[in-house]
Every structure is written in C-alpha cells, then in structure tokens.
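Listed below, chain by chain, are the residues.
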Amino acid sequence: MKKHYKVIIMGNGYTASGTDSINFFENSLFCINEEGYIEKIYSREDGDYQSLLTHARKSGILHELTSGQFLLPGFIDLHVHAPQWPNIGKALDRPLDQWLQEYTFPLEARYSDTEFARKIYEHLVKTLLANGTTTAVYFATVHREASLELGRICLELGQRALVGKVAMDDKQACPDYYRDESAEQGIKETRLFINEIKNLRGNERSRVLPVITPRFIPSCTSELLSGLGQLAKEMECHVQTHCSESDWEHNFVMDRYGVTDTQALHNFGLMTRKTILAHSNLINDNDMNIISSVSAGIAHCPLSNFYFANCIFPLRKALDRGINTGLGSDISAGHSPSIFDACRHAITASKALNDGVDPQCAPEKRGCPGSAITFKEAFWLATGGGGEVLGLPVGQLREGFLFDALVIDTNCTGSDLLVREQEDASDDILQKLIYNTQRSNICEIWVDGKKLPI
Ligand code: GUN
Ligand code: FE
C-alpha cells in the first residue's frame, strides 16, 4: 500500500462511466496523489481499506464527508460566453440575429476595457464554481488582452478552463466597432493568444488551455476560416464554434456555401478530434458521419435552444451514433449558470421532442418517439461526456483521472432535497440529486485535488 497520498476523501459518491452505467461508491476512500490525480479508490471490501483509513486518520490527510453528503465528479460546461454574463436574463424574446446585433455585440465591445473585463469575469468564474462547474469552455471576446485576463482569473480562482479569443472579421455581418480588422489580423491575434495562454504564469500544468474560436460561419470570411483551420492543424489545440444552431443561421450558411455548417467547417479544416460544436441542432445524417469520423464533440445547450434554435437537438440520435456529447449553459442565450439545470433542461427538451408539443396534432404524428433521455444519461453528459468531448481525464471519479469534484450536502440550510438513505435506492438518490440540487447544496468544490474556497 502506498502512503504518499496528498489527501484521502472518505464518503459516498456517484460517477457515470457511460451513458447508462452508474457506479455508486459507499463509504469509499478516494486517494489523491500529489499531482491531483485519483490514484486509487478503495471500497470497504478491499483488504487494505481499514489500515489505510487508520493511516489517513493518524497522518491528518483524511477528509471525511458527513452523513447526507455525496461526492460527484465536477460538472463540465462546454459552452459559456463569459462576456455575456451581465446580460443574463435579458432580451430572450428576440430572435438570434437581432439579439446579437442589438444586445450582445454592444456588450462584448466593452471588453476593450480590461478592468471592466476583470470585474465581470471574476464574478462569473466564482459563480460557475459555486454552481459545481469545475471545467468551463469559454468564448471570450475579440480582445486579446481581456481574453487573456479571463485565463489569468481561472488560474487564480482554481477553475479548469478552455478559453478562446473570438475571431470574427466579416464587415457585412459584424459592426465596425466590434470585429477583427481583417482575416489576417484575426489569425495573427489568435496565434499570439494561443502562445500567451500557454505561457501564463501559474499555467505550467496547462490547467487553462487556448481554443481557436471562429464565432460562427456568418460572422467570418472564408479567408479567416481557412486560416484558422490551418492554425488548428499547426497548433493542435482545441477549436470551438457555433454549428447549425437556428433556421436563420443554418440557411445563411447553405446560401453562402451550398453546404451545411458541418461540411463547410470540415472543408475549412476546422473539424478535428478537439473541435467542440455548440448546438448542431439542424445536423443531418451526413453531418453526423463527419462529426463521428473525426471524433469531434457537441455541446448541447438545451435551455438556449428553447429561445434561439427553433427546434430541439436530436440528442438521442447523437448518443446512439456514439457522437461525443456534453452540455453547455450557453450563457447568456441560456439564462442559468448551472449545469444541474442543463441536465434538467436536456431531459425536459428530449421529452418534448419525444412526445411532440402541439395538442392539435394527432398523438401518433405529434413527436419523435424514442427521443427521451434518462437522468443517468443527463448525468453522464454533464460529467464524463464533457470530459470525452475535451479529450481530458476529467468528469469521472475513476483511477487515473484528475480529482475535479463537488460535494452535495442534502442537509444544508434551505435544502430542497429530501434524501432518506434507509428508504431510497441508490439510483433514486442520484435521481433526486440531479433533479433538485441547488447552488446552496454545493458545499465543496475540488479541482486538481485541491479544495477551492467557494
Ligand atoms: N451565434 C453566434 N454568436 C452567438 C452567441 O453569442 N450565442 C448564441 N447562442 N449563438 C451565437
Ligand atoms: Fe453560444
């Protein structure tokens, strides 16, 4: 038995190791090494359990959860627009193109002021951590300095993050006050940004990664898109963009290129194993083939889709096709900073797609039967699914994975959770946690094996 662990956490917990595979850990010992990885997990039946527990107690490295507390992998938000945080809860009655031009671009333009950026970004990162998001994938703005500041803040506050300086250069689509000056400039700034993120002080372990971020096809010229595609190949870093989100956006790309977003992105070299496609609601079978052939991933953003997508993402189909999929809040097109909420909305949306929604339609014509997902699948998407999309060892309580985790206290003041451990089956307890955990229930956050202040 090795005794060099940094900390040993003892308690009940859950992890998903696939869409339909949940492990329940009962009073287990999670042994975290100096590098922040889960080196071993001992269950009570393991021979070494008792001696390890005694050792951990004696040496002061034991962290014991109390009755009513549950350990889960930290949640992963695959799609957040950090600068849109001040607009949370605003203008959701507008269509996407108006919302962008009238509300979103004017706000994002303000991040030329790095001090303003720091204030907002600090508040957002703290809020996401407190809601259980240990890894976030951010769109920042076109401003390199403010986007770097977001990376610095994630390093300071302890969150794992992927950060993109947004690239957008099309003079017809983007306002003069808010765009890259030219395609060349957008590519140059992105390249600089990637190197600056990699070299940030405190980022020696790459807890913050750079992301190549063409906003979406309608706001970028072909020159910018192909240049960023080349950069993705050269730098081997992550790529993120919006894909086939709404009718307007999808048709815009069909009109311009005569192909779908997915096909166009593929043609520009932007579809890689490290690509994260936000939405992808209107993808067809061929698009799904492209996505799975390169093992790219999808950030499903169910709440935002209710406002801006005109339809519901075919999640069941994507999962059945084995496409890497996770969840995104899509702040501020989505009005919740919680990936617990995203789980609930993913379940609700899939049920609406399954049954259909128009009571005037005959039941047999109303929906797409077979579309509903389960709470277990939602839990997987929020955790291990997100980790798979990113290709990082996060999102599971599993040996060899980084210890990014959250603790839910079902007995906290004002809890909406009523768990009766003697009566509730272990699956039912997890179901209760997924449906009703609120921010106030989240009592601990760990990233890289370190407990963060929240
Ligand atoms: N498409 C292009 N930009 C955006 C954005 O900021 N939010 C959403 N939801 N869709 C977009
Ligand atoms: Fe978005």
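Residues numbered from 1 in each chain as written. Chains lettered and ligands numbered in written order. Predicted model: local features only at pLDDT ≥ 70, side-chain atom pairs only at ≥ 80, totals over all residues. Heavy atoms only, no water.

Comments concerning the site of ligand 1
(1) Moving on: Around ligand 1, the neighbouring residues are His81, Gln84, Leu96, Trp99, Leu100, Arg215, Phe216, His242, Glu245, His279, Asp330 and Ala333.
(2) Moving on: One of the side-chain N or O atoms of Glu245 is found 2.7 Å from a nitrogen atom in ligand 1.
(3) Moving on: For ligand 1, the protein covers 100% of the area, taking 280 Å² as the surface of the free molecule.
(4) Moving on: Of the residues forming the shell around ligand 1, the biggest block, 3 residues, is contributed by helix α2 (residues 96-109). (Near = heavy atom within 4 Å. Polar contact = N/O pair within 3.5 Å; in protein donor to acceptor, adjacent residues only side chain to side chain. Areas by Shrake-Rupley, 256 points an atom, 1.4 Å probe, with all protein chains shown as cover. Helix = DSSP H or I, 4+ residues; strand = E, 2+ residues; numbered from the N terminus.)

Remarks on the coordination of the iron ion (ligand 2)
In an ideal tetrahedron of four donors about a metal, each angle is 109.5 degrees. In an ideal octahedron of six donors, the angles are 90 or 180 degrees.
(1) Moving on: Coordination of the iron ion (ligand 2) by the protein comes from His79 (NE2), His81 (NE2), His242 (NE2) and Asp330 (OD), over a distance range of 2.1 to 2.3 Å.
(2) Moving on: Summarised as a motif, the one-chain spacing of the donors to the iron ion (ligand 2) is H-x1-H-x160-H-x87-D. In this pair, His242 is assigned in strand β11 (residues 238-243) and Asp330 in the loop between β14 (324-327) and α12 (339-355), connecting sequence segments 88 residues apart. We note that His242, like Asp330, is buried. (Donors = N, O, S within 2.8 Å, 3.2 Å for Na, K, Ca; no water. Buried < 20%, exposed > 50% of the residue type's maximum accessible area, 1.4 Å probe, protein only.)

Quick word on unusual backbone geometry
(1) Moving on: In this model, Ile331 is joined to Ser332 through a cis peptide bond whose omega is 0°.
(2) Moving on: Looking at where Ser332 falls in the secondary structure, it is placed in the loop between β14 and α12.
(3) Moving on: We note that Ala91 has phi near 60°; this positive angle belongs to a residue other than glycine.
(4) Moving on: In this fold, Ala91 is placed in the loop between β6 (75-81) and α2.
(5) Moving on: Backbone geometry at Asn310 places phi at a positive 65°, although glycine is not the residue there.
(6) Moving on: Within the secondary structure layout, Asn310 lies in the loop between α10 (302-308) and α11 (315-320).
(7) Moving on: The exposure class assigned to Asn310 is exposed, which follows from its relative accessible area of 53%.

Quick look at the pairing of strand β16 (residues 442-447)
(1) Moving on: Counting buried positions along β16 gives 5 out of 6 residues, so the element sits mostly inside the fold.
(2) Moving on: Pairing analysis gives 4 bridges linking strand β15 (residues 405-409) to β16, with the strands arranged antiparallel. Bridging from a neighbouring strand, Leu406 pairs with Ile445 of β16.
(3) Moving on: In this antiparallel pair of consecutive strands, β16 and strand β17 (residues 450-452), the connection spans 2 residues, and Asp448 shows a positive phi of 55°. (Pairing = 2+ DSSP bridges.)

Description of the pairing of β14
(1) Moving on: Of the two faces of β14, the one carrying Asn324 and Gly326 and the one carrying Thr325 and Leu327 are both buried.
(2) Moving on: Where strand β13 (residues 297-300) meets β14, 4 bridges bridge the pair, whose relative direction is parallel. Within β14, the residue paired with Gly297 across the bridge is Asn324.

Focus on the packing of aromatic side chains
(1) Moving on: Counted by the stated rule, this structure contains 13 aromatic pairs.
(2) Moving on: An angle of 55° between the planes, with centres 6.1 Å apart, marks the rings of Phe216 and Trp248 as tilted. In this pair, Phe216 is assigned in the loop between β10 (208-214) and α6 (222-235) and Trp248 in helix α7 (residues 247-257), connecting sequence segments 32 residues apart.
(3) Moving on: Of the residues examined, Phe216 reaches a relative accessible area of 5% and is grouped as buried.
(4) Moving on: Put simply, the rings of Tyr14, Phe24 and Phe70 pair up and form one aromatic cluster. (Phe/Tyr/Trp six-rings, centres within 6.5 Å; stacked < 30°, edge-to-face > 60°.)

Section: the nonpolar core
(1) Moving on: Ranked by size, the top nonpolar core spans 95 residues in total, and within it Tyr14, Leu72, Phe75, Tyr138, Leu150 and Phe379 carry the most contacts.
(2) Moving on: In terms of residue count, helix α3 (residues 114-130) provides more of this core than any other element does, 8 residues in total.
(3) Moving on: Judged by nonpolar contacts, the second largest core, of 16 residues, contains Leu96, Trp99, Leu100 and Val142. (Core = buried A, V, L, I, M, F, W, Y, C linked by side-chain atoms within 4.5 Å.)

Details of the packing of α12 against helix α15 (residues 426-436)
(1) Moving on: Contact geometry for α12 and α15: axes closest at 7 Å, N-to-C directions at 100°. On the basis of the axis angle, α12 is roughly perpendicular to α15. Contacts between α12 and α15 pair Phe340, Cys343, Arg344 and Ile347 from the former with Leu433, Ile434, Tyr435 and Asn436 from the latter.
(2) Moving on: Of the residues contributing to the contact of α12 with α15, the split by class is 6 nonpolar, 1 polar and 1 charged. (Axes fitted to C-alpha atoms, helices over the stretch in contact; angles between N-to-C directions. Parallel < 35°, antiparallel > 145°, perpendicular 65-115°, else oblique. Contact = heavy atoms within 4.5 Å. Nonpolar A, V, L, I, M, F, W, Y, C, P; charged D, E, K, R; others polar.)

Looking at α3
Residues separated by three or four positions in an α-helix point in the same direction, a consequence of the helix having 3.6 residues per turn.
(1) Moving on: Between its first and last C-alpha, α3 extends 24 Å over 17 residues, near the 24 Å set by a 1.5 Å rise per residue.
(2) Moving on: Looking only at α3, the buried set comprises Phe116, Ala117, Ile120, Tyr121, Leu124, Val125, Thr127, Leu128, Leu129 and Ala130.
(3) Moving on: In the core, the buried residues of α3 are packed alongside β6, α2, β7 (133-139), α4 (144-157), β16 and β17.
(4) Moving on: Between the side-chain oxygen at the start of α3 and the backbone nitrogen of Glu115 there is a gap of 3.0 Å, and the oxygen is on Asp113.
(5) Moving on: Where α3 ends, the next residue or the one after it, Gly132, has phi of about 100°, a positive value. (Expected span 1.5 Å × (residues − 1).)

Some remarks on the side chain of Ser246
(1) Moving on: Within the fold, Ser246 resides in the loop between β11 and α7.
(2) Moving on: The class for Ser246 is buried, based on a relative accessible area of 2%.
(3) Moving on: A distance of 3.2 Å separates a polar side-chain atom of Ser246 from the backbone nitrogen of Glu249.
(4) Moving on: The residues touching Ser246, leaving out its near neighbours within four places in the chain, are Leu96, Leu282, Phe308, Ala309 and Asn310.

Remarks on the environment of Tyr103
(1) Moving on: Along the polypeptide, Tyr103 turns up in helix α2.
(2) Moving on: Considering only alpha carbons, one finds Tyr103 and Asn87, 16 residues apart in sequence, at a separation of 7.9 Å.
(3) Moving on: If sequence neighbours within four positions are ignored, Tyr103 has contacts with Asn87, Ala91, Arg94 and Gln98.

Concerning the pattern of salt bridges
(1) Moving on: Taken as a whole and assessed by the stated rule, the structure comprises 29 salt bridges.
(2) Moving on: Close ionic contact of Arg118 with Glu156 constitutes a salt bridge, the shortest N to O distance being 3.1 Å. Taken together, the residues span a long stretch of sequence, with Arg118 in helix α3 and Glu156 in helix α4 at a distance of 38 residues.
(3) Moving on: When the shortest N-O distance is used, the salt bridge between Glu149 and Arg152 registers 2.5 Å. Taken together, the residues Glu149 and Arg152, both in helix α4 and 3 residues apart, mark about one turn of the helix.
(4) Moving on: Here Glu149 falls in the buried class, since its relative accessible area comes to 10%.
(5) Moving on: Look at the salt bridges and you will find they share partners, linking Arg118, Glu122, Glu145, Glu149, Arg152 and Glu156 into a network. (Salt bridge = Lys/Arg side-chain N within 4 Å of Asp/Glu carboxyl O.)

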